[in-house]
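What follows is each chain in one-letter form.
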Amino acid sequence: MITKRILVVDDEPGVTRNLKLNLESGGGYDVFAENHATNALTAARIFRPDLILLDVMMPGFDGGDVAARLRSDPLLRDTPIIFLTALVSNEETDGHEMLSGAETFLAKPVDIGELKKTVEDHIRR
Amino acid sequence: MPVIAGLLLGLVAAVGWIDYSTGLELSVSLLYLIPIALGTWVAGRSMGNLIAIVSAGVWLGADFLERHSYGHCFLPVWNTLTLAISFLVVVALLASLREANEGLEQTVARRTKALQAENAERRRTESELLHTLDDVRQTHAELKRTQFQLIEAAKTESVGRLAAGVAHEVKNPLMTLSLGADYFLHREAENPDEAQLIQDMKEAVRRASNVINVLLDYARPRPLQRTTEDIHSVIENSLALVRHRLNRQHVIVVRQFDMTLPPLLLDRTRIEQVFVNLFVNAIQAMASGGTITVRTFASTQRASGGDSPAGVIIEVDDTGGGIIPENADKVFEPFFTTKPAGEGTGLGLAIVRRIVEIHGGSVRLSNRKEGGARVTLRFNTEAKEQP
């Protein structure tokens, strides 16, 4: 089984730690957690993830800014990004792709089952 | 005028004949005052003077014809002159009286006219005042409405900021808790109590998260996506969404639908949310079972002001405990709840009002005479979206 790499960018260490634990516990994923948005691009260049879980609201440099930088990098522009946001309700996201750029948003607190399913769907694409 | 003059001169001639035939002279001369007075009163000073001079002449003529003998030849002339002067004085007095009377009448007429004009002016001013009063009342009502909207908008803005802050600050720790619980849930639990404990934690996270989602929904209403809908189909769908709760609490639903109602331009999902919130409230108000009656009919009575367009009324009645009258308005305010802690977010009816109002409709809560509460929704047939 090929292990897929996931980069998690969220300013809450509790969130990144728990995401890493949950995703890695089932096997199949290698998770790198980054709590500073400004380091996200460097982390992505080094780690070369298959997918990025990106928090929207972070101090200073938000998820949108990070995504824009990732998209402008030739090596990372095709890496799927799943945004995690506290500012929408589950009904608003409901697994649908929202906003321009066909990004996927998941409402916090995410259900781990739904998160794993969405991650699998995106990596398979 | 010549007719009057002719008649009066005839009268003078008649008196002259009486004077001549009776020979009573001065005693009869008073009768000349009749045509003189009549002439003066009816035709004025000039006519009076004419009749007076003619009368004096006739008197002198009658005197000559009777051939009276006077001690002095100048005496008849003197008598005639005295009589003529007396007659002219009477004419002058009567004419003055007549003119004064005419003046008085004119003054009265002028004053009456002025008064009438004043009254008309007063009525016009009064009507203008009433009109202005109406305008002021209308402006006042408009001002109150605007003020209310401003307060609501300010509230919404504050709630929006608060919601965003709360959502960010609470959902992140909730996510940590939820993921932690998920991690333990997927491991072998040491005993059933531990598994239950973790489930309880998940449920607590779900409830807290739900409150914040409702708050977010309330604080940031999405634009309406209207389609033409049969209101009964929307109601039926909403009832289907709460069917489980209805059955669990033994609540019967009675439908009194006017199937001839026109379709309405609605955001179906949002209006379903309205009915779900209303039905859930009604179910919660009837802990030991009861009846929900949903009634629809066309609005025939016009709202105050008389300019409300045609509409559709939907009444949702329950057989619960009703509402304390002083709370009837407050229940639509955000975070007002009469439910025990943990059973309501205090946003259910606030969301109902928000959604109904952006559809251009209105909502009211009242107590029914038979007991229980009634929520009355009104939607205009010609729907207009409110800002």
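Just so we're clear, the structure is a prediction, and the values are computed from it rather than from any experiment.

## Here we look at the overall build of chain B
When you go through chain B residue by residue, the secondary structure sums to 10 helices and seven strands. Across the 387 residues that make up chain B, the buried fraction comes to 26%. For chain B, contacts bridging at least 24 residues in sequence account for 75% of all contacts bridging at least 6.

## A short note on the overall build of chain A
Within chain A, the regular secondary structure consists of five helices and six strands. Starting at the N terminus, the α and β elements of chain A follow one another as β-α-β-α-β-α-β-α-β-β-α. Out of the 125 residues belonging to chain A, those deemed buried represent 34%. Residue pairs in contact within chain A that sit at least 24 positions apart in sequence constitute 57% of those at least 6 positions apart.

## What about the sheet that holds strand S7 (residues 373-380) of chain B?
Residues and elements named next belong to chain B. Strand order across the open sheet formed by five strands is S2-S4-S5-S7-S6, with mixed pairing between neighbours. The open sheet has two free edges, formed respectively by strand S2 (251-256) and strand S6 (362-367), since each of these has just one partner strand. Adjacent strand axes in the sheet meet at a mean angle of 15° when their direction is disregarded. As paired elements, S2 and strand S4 (residues 290-299) share six bridges and run parallel to each other. Following the sheet pairing, Val-253 is matched in S4 by Ile-292. Along the sheet, helix H7 (residues 231-241) makes contact with S2, S4 and strand S5 (311-317), crossing S4 at roughly 165°.

## Considerations on the nonpolar core
Counting 45 residues, the largest nonpolar core has Leu215(B), Tyr218(B), Leu278(B) and Val352(B) as the members making the most contacts within it. With sequence-adjacent residues up to four places away left out, Leu215(B) is seen in contact with Ala163(B), Val166(B) and Leu347(B). Ranked by size, the runner-up nonpolar core spans 34 residues in total, among them Ile6(A), Val8(A), Leu51(A) and Leu70(A).

## Examining H7(B)
Residues and elements named next belong to chain B. Within H7, burial applies to Ile-231, Val-234, Ile-235 and Ser-238. Burial along H7 is one-sided: seen end-on, the buried residues are contained in an arc of 100°. With respect to the buried face of H7, the exposed residues turned more than 90 degrees away are Ser-233 and Ala-240. The inward-facing, buried residues of H7 abut strand S1 (227-229), strand S3 (264-266), helix H9 (268-285), S4 and S5.

## With respect to the interface of chain B and chain A
Interface extent is often summarised as the accessible area lost during association of the parts. Of the residues lining the interface, 19 residues belong to chain B; the matching set on chain A comes to 18 residues. If you list the elements that add at least two residues to the side of chain B that touches chain A, you get helix H5 (75-185) and helix H6 (192-219) of chain B. Among the elements that make up the side of chain B that touches chain A, the one with the highest residue count is H5(B) (13 residues). Looking at the side of chain B that touches chain A residue by residue, the class counts come to eight nonpolar, eight polar and three charged.

## A closer look at the environment of Leu26(B)
Relative to the elements of secondary structure, Leu26(B) occurs in helix H2 (residues 26-29). Separated by 53 residues in the primary sequence, Leu26(B) and Asn79(B) have C-alpha atoms spaced 9.3 Å apart.

## Quick look at the packing of helix H4 (residues 45-65) of chain B against H5(B)
Residue and element names in this part refer to chain B. Their axes nearest at 9 Å, the elements H4 and H5 cross at an angle of 160°. When the axis of H4 is compared with that of H5, the two are roughly antiparallel. Once H4 is placed against H5, the crossing between them reads as right-handed. Two secondary-structure elements touch here, H4 through Arg-45, Gly-48, Asn-49, Ala-52, Ile-53, Ser-55, Ala-56, Trp-59, Leu-60 and Asp-63 and H5 through Pro-76, Thr-80, Leu-83, Ala-84, Phe-87, Leu-88, Val-91, Leu-94 and Ala-95. Here the residues of the contact of H4 with H5 are counted per class, giving 13 nonpolar, four polar and two charged.

## Notes on the pairing of strand S2 (residues 29-34) of chain A
Residues and elements named next belong to chain A. With six bridges connecting them, strand S1 (residues 4-9) and S2 associate as parallel partners. Across the sheet, Arg-5 pairs through a bridge with Asp-30, a residue of S2. Handedness of the crossover is the feature at issue here: the chain leaves S1, passes through helix H1 (residues 13-25), returns alongside S2, and the resulting connection is right-handed.

## Thoughts on the confidence of the model for chain B
All names here are of chain B. Counting all residues, the mean pLDDT for chain B is 85, and 91% of those residues have values of 70 or more. Confidence over residues 302-306 falls short of pLDDT 50; this stretch has two contacts with residues more than four positions distant or in other chains. Across the interfaces of the predicted complex, the ipTM metric reaches 0.81, alongside a pTM of 0.53.

## Remarks on the pairing of strand S3 (residues 51-55) of chain A
All names here are of chain A. Burial within S3 is extensive, with five of its five residues counted as buried. Side chains of S3 alternate between two faces, with Leu-51, Leu-53 and Asp-55 and Ile-52 and Leu-54 buried alike. The sheet contact formed by S1 and S3 spans four bridges and is parallel. Looking at the pairing, Val-8 lines up with Leu-53 of S3. In terms of strand pairing, S3 meets strand S4 (residues 81-85) through four bridges, oriented parallel. Within S4, the position partnered with Ile-52 by the bridge is Ile-81. After leaving S3, the chain enters helix H3 (residues 63-72) and then returns to the sheet as S4, a path that is right-handed.

## Concerning helix H1 (residues 2-22) of chain B
Note: α-helices contain 3.6 residues per turn, so residues at a spacing of three or four share the same orientation. All names here are of chain B. Look at H1: 30 Å from first C-alpha to last across 21 residues, which is about the 30 Å you get at 1.5 Å a residue. All of the buried residues along H1 are Leu-8, Val-12, Val-15, Gly-16 and Asp-19. Looking straight down H1, one finds that the buried residues subtend no more than 105° of arc, so they occupy a single side. Exposed and oriented more than 90 degrees from the buried face of H1 are Pro-2, Val-3, Gly-6, Gly-10, Trp-17 and Ser-21. Where H1 is buried, its residues contact H2, helix H3 (33-43) and H4. Positive backbone phi, approximately 70°, marks Gly-23, located one or two places after H1.

About the criteria used
- The residue numbering used here restarts from 1 in each chain and proceeds along that chain's sequence as written.
- All chains are assigned letters beginning with A, and all ligands numbers beginning with 1, in the order in which they are written.
- The predicted origin of the model limits local features to residues at a pLDDT of at least 70 and limits the giving and counting of side-chain atom pairs to 80 or more, whereas totals for whole chains, interfaces and linings rest on all residues.
- Runs of H or I in DSSP of at least four residues are treated as helices and runs of E of at least two as strands, each being numbered from the N terminus.
- Each residue is classified by how many other C-beta atoms fall within 10 Å of its C-beta atom, where C-beta atoms are placed from the backbone; a count of 20 or more means buried, 12 or fewer means exposed, and values in between mean partly exposed.
- Whether two residues are in contact is decided by their C-beta atoms, placed from the backbone, lying within 7 Å.
- Two strands qualify as a pair provided that DSSP identifies no fewer than 2 bridges between them.
- Lines fitted to C-alpha atoms define the axes here, with helix axes fitted over just the stretch in contact, and angles between the N-to-C directions of these axes take values from 0 to 180 degrees.
- By definition, a nonpolar core groups buried Ala, Val, Leu, Ile, Met, Phe, Trp, Tyr and Cys residues that are joined through C-beta atoms within 7 Å.
- The arc in question is formed by the directions pointing from the helix axis toward the C-beta atoms.
- Residues were grouped as follows: Ala, Val, Leu, Ile, Met, Phe, Trp, Tyr, Cys and Pro as nonpolar; Asp, Glu, Lys and Arg as charged; and all remaining residues, including Gly, as polar.
- For classification purposes, an angle smaller than 35 degrees is called roughly parallel, one larger than 145 roughly antiparallel, one from 65 to 115 roughly perpendicular, and anything else oblique.
- Crossings are classed by handedness, with left-handed meaning an anticlockwise turn of the near helix from the far one by less than a right angle and right-handed meaning a clockwise turn.
- A crossover counts as right-handed when, viewed with the strands pointing away from the observer, the path leading from the first strand over the helix to the second turns clockwise.
- A residue's pLDDT is the predictor's confidence in that residue, given on a scale from 0 to 100.
- A helix is expected to reach a length of 1.5 Å times the quantity of its residues less one.

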